[in-house]
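# Structural features, examined
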Amino acid sequence: MPLSPLAISALALLNERAMHPYEMYQLLLERHEDRIVRVTPGSLYRTVDRLTQDGLAEATGTAREGNRPERTTYAITDLGRSSLVERIREILREPVNEFPSFALALAEAHNAPASAVCADLRDHLKVIEGELADIDCLVDKARAREVAEAYWITADYIRHMTVAQQDWINGFITRLEKGDLPWPHPQP
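Residue numbers run consecutively from 1 along every chain, following the written order of its sequence. Only residues with pLDDT of at least 70 get local features here, since the model is predicted, and only at 80 or more are side-chain atom pairs given and counted; chain-wide, interface and lining totals rely on the full set of residues. Note that the side-chain values use all heavy atoms of the structure and ignore hydrogens as well as water.

A word on the overall build of the protein. Starting at the N terminus, helices and strands are each numbered in turn, a helix being any DSSP run of H or I of at least four residues and a strand any DSSP run of E of at least two. Secondary structure assignment for the protein yields seven helices and two strands. The helix and strand sequence of the protein, counted from the amino end, reads α-α-α-β-β-α-α-α-α. Here the radius of gyration uses the C-alpha set of atoms, whereas the globule reference equals 2.2 Å times the residue count to the power 0.38. The C-alpha atoms of the protein give 22 Å as radius of gyration, which overshoots the globular expectation for 188 residues (16 Å, by more than 25%). Projected onto the principal axes, the alpha-carbon positions of the protein cover approximately 65 × 40 × 35 Å. Out of the 188 residues belonging to the protein, those deemed buried represent 29%. Within the protein, contacts between residues at least 6 apart in sequence are counted, and of these 62% link residues at least 24 apart. Method for areas: the Shrake-Rupley scheme with a 1.4 Å probe, in which residue coverage is limited to the protein chains shown. Carbon and sulfur atoms form 53% of the exposed surface of the protein, whose accessible area is close to 12,500 Å². Only protein chains enter the calculation, and the probe is 1.4 Å; a residue is then buried if its accessible area is under 20% of its type maximum, exposed if over 50%, and partly exposed in between. Residues count as neighbours in contact if any of their non-hydrogen atoms are within 4.5 Å of one another.

Laid out in structure tokens, this is it:
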């Protein structure tokens, strides 16, 4: 069974150093990786349990700090390390259709009036502009802290993909408003 995106993230963190799931969760949020992988504390704990059952991670000890609950620390195993690298390489080699909701909405947008579609897409563009500003801020912080680019290359990729989407949406709106794109749904 292939590793899930959250399992990949968990193993990647354990590849850095042994840690407990709560620390892993905090690091994912701190690094804004919750933008690329769906994570909750519960889903992360379940994932670490499954990785342990599959021999990809192992418990290395438990500790308690003050009145906090006992926390189990986990480390990646050799099998976990090889499985992590194998899955990453597989994903890099073979494109996967992730069935994005936005593409579905575009495919069915002809069911709504063109003016409404344009208005909704303008709202979408405002959100994209905010996301681009957030990404730029994160990249600036990483550069200021002299974090090696290999650790934040995803931000650059997402930024380029988001700019391409922004450009496409702007062009689509222009075509629709000029009447260059015949629209089956009548205007209100």
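Before going further, it helps to spend a moment on the UniProt feature "domain: Transcription regulator PadR N-terminal" (unreviewed entry) in the protein. When the UniProt feature table is mapped onto this chain numbering, "domain: Transcription regulator PadR N-terminal" (unreviewed entry) sits at residues 11-84. Across residues 11-84 one finds 49% helix and 18% strand; the C-alpha atoms that close the span lie 7 Å apart. UniProt positions are given in the numbering used here, feature names are shortened, and annotations may be inferred rather than shown by experiment.

Attention now moves to the pattern of salt bridges. We define a salt bridge as a contact between a side-chain nitrogen of Lys or Arg and a carboxyl oxygen of Asp or Glu at a distance within 4 Å. Applying the stated rule across the entire model yields seven salt bridges. We note a salt bridge from R87 to E90, for which the minimum N-O separation is 2.4 Å. Placement of the pair is R87 and E90 together in helix α4 (residues 78-93), with a separation of three residues, close to one helical turn. Given a relative accessible area of 18%, R87 falls into the buried group. Here E177 ties to R122 by a salt bridge, and the two come within 2.6 Å at their closest N and O atoms. One end of the pair, E177, is in helix α7 (residues 153-178); the other, R122, is in helix α6 (residues 114-144), and 55 residues separate them in sequence.

What follows is about the packing of aromatic side chains. Given two aromatic rings, their pairing is described by the distance between the two centres and the angle made by the two planes. Each pair of aromatic rings taken from Phe, Tyr and Trp, with Trp reduced to its six-membered ring, is defined by centres within 6.5 Å and is described as stacked if the planes are under 30 degrees apart, edge-to-face if over 60, and tilted in the remaining cases. One pass over the full model with this rule turns up two aromatic pairs. With a centroid separation of 5.0 Å and an interplanar angle of 10°, the aromatic rings of W168 and F172 are classed as stacked. Of the two residues, W168 and F172 both sit in helix α7, four residues apart, roughly one turn of that helix. The exposure class of W168 is partly exposed, given its relative accessible area of 44%. A relative accessible area of 9% means that F172 is categorised as buried. Ring plane angle 70° and centroid distance 6.1 Å describe the contact between F172 and W183, whose orientation is recorded as edge-to-face. Pair noted here: F172 is in helix α7 and W183 is in the segment after α7, with a separation of 11 residues, a long-range link. Put simply, the rings of W168, F172 and W183 touch in pairs and so form one group of aromatic residues.

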